[in-house]
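Chains, contacts and geometry: an overview
If you want the building blocks of each chain, they are given just below.
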Amino acid sequence: MCGIVAVAGDLFAVPVLLEGLKKLEYRGYDSSGLAFLQGDQVIVEKKQGRIVHLEQALFDSGWLDEAMHPVRLGIGHTRWATHGVPSDENAHPHLSSDSRFAVVHNGIIENESELRYFLQKQGFTFRSQTDSEVIAHLIEFYYGKGCTRRDWFDAVQVAMNDLTGSYALAVIAADHPKQLLVARKESPLIIGVGDHWHMAASDIPAVLNQTNRIIILEDGDMACISADSCQIYDVLGQSVSREITLIEWDCQAAEKDGYEHFMIKEIHEEPQAVRQTLSPRIVNGEIILKELQPALPKLQAIESIYLVACGTAYHAGVVGQKLIEHCCRRRAQADLASEFRYSDPLVDDNTLVIVISQSGETLDTLAALRLAKSRGAMVLAIVNVAGSSIAREADYVIHTHAGPEISVASTKAYSTQLAALSLLTLYLADLWKVIDRKTLRIYLDALSQLPEKISAALTAKDQIQRFASEHFNARSVFFMGRYLDYALAMESSLKLKEISYIHSEAYAGGELKHGTIALIEEGTLVICIMTQPHLVDKMISNIREVKTRGAVVLGMLTPACQKANAVCDEVIMLPDIHS
Ligand code: M6R
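Remember, predicted model here, so these are calculated numbers, not experimental data. (Residues numbered from 1 in each chain as written. Predicted model: local features only at pLDDT ≥ 70, side-chain atom pairs only at ≥ 80, totals over all residues. Heavy atoms only, no water.)

Structural notes on the overall build of the protein
Convention followed: The way it works is that DSSP assigns letters per residue, a run of H or I at least four long becomes a helix, a run of E at least two long becomes a strand, and they are numbered from the N terminus. Taken over C-alpha atoms, the radius of gyration is set against a globule rule of 2.2 Å times the number of residues to the power 0.38. Note on classification: 1.4 Å probe, protein chains only; a residue is buried when its accessible area is under 20% of the maximum for its type, exposed when over 50%, partly exposed between these limits. Between two residues, a contact is recorded if the distance between any of their heavy atoms is within 4.5 Å. Only the protein chains shown count as covering a residue, and every accessible area follows the Shrake-Rupley method with a 1.4 Å probe.
Secondary structure assignment for the protein yields 19 helices and 27 strands. Against the globule reference of 25 Å for 579 residues, the protein gives a C-alpha radius of gyration of 26 Å, in line with a compact fold. In terms of principal-axis extent, the alpha carbons of the protein reach across some 75 × 55 × 45 Å. Burial status across the protein gives 55% buried among its 579 residues. Within the protein, counting contacts between residues at least 6 apart in sequence, those at least 24 apart form 68% of the total. Carbon together with sulfur atoms contributes 52% to the accessible area of the protein, which is approximately 24300 Å² in total.

Things to note about the site of the ligand
Spelled out, the test is: Residues are counted as near a molecule or strand when any one of their heavy atoms sits within 4 Å of it. The definition of a polar contact used here is a pair of N or O atoms within 3.5 Å, where within protein one atom must be able to donate a hydrogen and the other to accept one, and adjacent residues in sequence count solely through side-chain atom pairs.
Surveying the vicinity of the ligand reveals 13 residues, the closest of which are Ser357, Gln358, Ser359, Thr362 and Val408. The separation between an oxygen atom of the ligand and a polar main-chain atom of Ser410 is 2.8 Å. Considering the ligand on its own, with 410 Å² of exposed area, one finds that the protein chains cover 81% of that surface. Going through the elements one at a time, α10 (311–328) and α18 (484–500) are the ones with two or more residues in the shell around the ligand.

With respect to unusual backbone geometry
Note: most residues except glycine have negative phi, and most peptide bonds are trans. Note the cis peptide between His92 and Pro93, where omega equals 0°. Looking at the secondary structure, you find Pro93 in the loop between β4 (73–79) and β5 (94–95). For Arg329, which is not a glycine, the phi torsion comes out positive at approximately 55°. The topology assignment puts Arg329 in the loop between α10 and β19 (331–336). Look at Tyr501: it is not a glycine, yet its phi comes out positive at around 60°. Mapped onto the elements of the fold, Tyr501 is located in the loop between α18 and β24 (503–508).

Here is the structure:
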């Protein structure tokens, strides 16, 4: 994942681009760069390493002095390497051979080798190992061939047609000092609208300091941007108008708000995020899912359900599967989106496919959605980012309203996905008449209390921090739970791996003894999640098994499971929840 930002019009482009890149640093940070116009020259400054290195280079060469260099148009990029090591040369922007075009690109060009071979035969010289550089040369190639209908616009458009893969890109040209072109295919791109200026970026936080008026480009869109105009063309090259959305998050919502990093900030936002998911939808003991009103006749006929997603969102899907089967008594299956289309899934027009995604842009999830639709299934998306590809392509959408999730490690998005899945389960159970009103009310009441319960769970943070500081040297950590707690263990284990680089595995309580217990040795940390009283005795036996091999056991348990205290070395108490 990389981040791109671009600006044209009445703004001092260099600091605005830098600021935008800093907001996108979460998308990648092994190198960064800017390109802008000085007279009829394209100037490129790019540096390996964090954006501060680029900022220093720009400062040293005077580009941050508006009186000396009143730059009004430019493009920027922050990179996370896929083709070619992180280096100054491989950093974006990339120049065409004649240095008249500069390009920034997010995505992967799958036919890069063929294009590179073709261009080299035509005499183009490559300066980097990136796939993205072919785009700059291709544009020069077609521009030289006299693409004149809309001049360089045509050259860029024809070049796009040669690309296989995904891209969001921004291009500037020495011959067109007042315009920049942007295009997207399977990579996100938005446009920020200002007074006598426009910006483009991979994500909304990059422009929020300047404007909250946003256009979300659709797949295949290309736009020609200048100070006072933003002309958008769809995949067929037809001029189209796309609606301006007013974003309600302020800049602060997209920043760290005094927390040390985004992940801890977003963990603390979980109570509020879950409140935003649930409270407008639970009114007077009833579930209000207006989004699903038009779907009611078709929902009645649903026979089976798939929940399809990647990573954390998949783990939310595993919980959803168990909830649906338990409460709705219909067959449900959680599937990895990256496997779904290769497994010939049993999907037909009586199937409901629930796709789950924070970003709404994950390609495997999007591909699963398309496959499900092509087989006649009804597709319901649970998505955080409004206007994203998945939100647009699904038949129905439940937005989680978690606000921007900047941290790559998903936290509040996961909690809100669980909240949305719980609500959806109860909605379906009610619709299918497999739950009585009294039970429904009890569950809804419990769901409404969730934000407070999450806040209460966060009060254990000092104990958690102390425990973590005693175990940060662990080589391997096991998470164990049964049924719903096993699904939580899967997500916990992913989070530990992703954040601490410590090897970890999640096991169902009864499964460890079938081989893997051989890896438990003196001092191995086993974290046991226990929130379901009817399974606590089983978990106590499993804990005894690992303790005989010398494991150190941390129990994370609710008061209703506190009899497990006796077998744990340390316990973190969770709030009392309905189970
Ligand atoms: O945006 P999505 O929810 O579709 O992303 C899917 C996964 O890449 C994502 O959940 C990932 O596993 C988490 N960010 C890891 O913390």
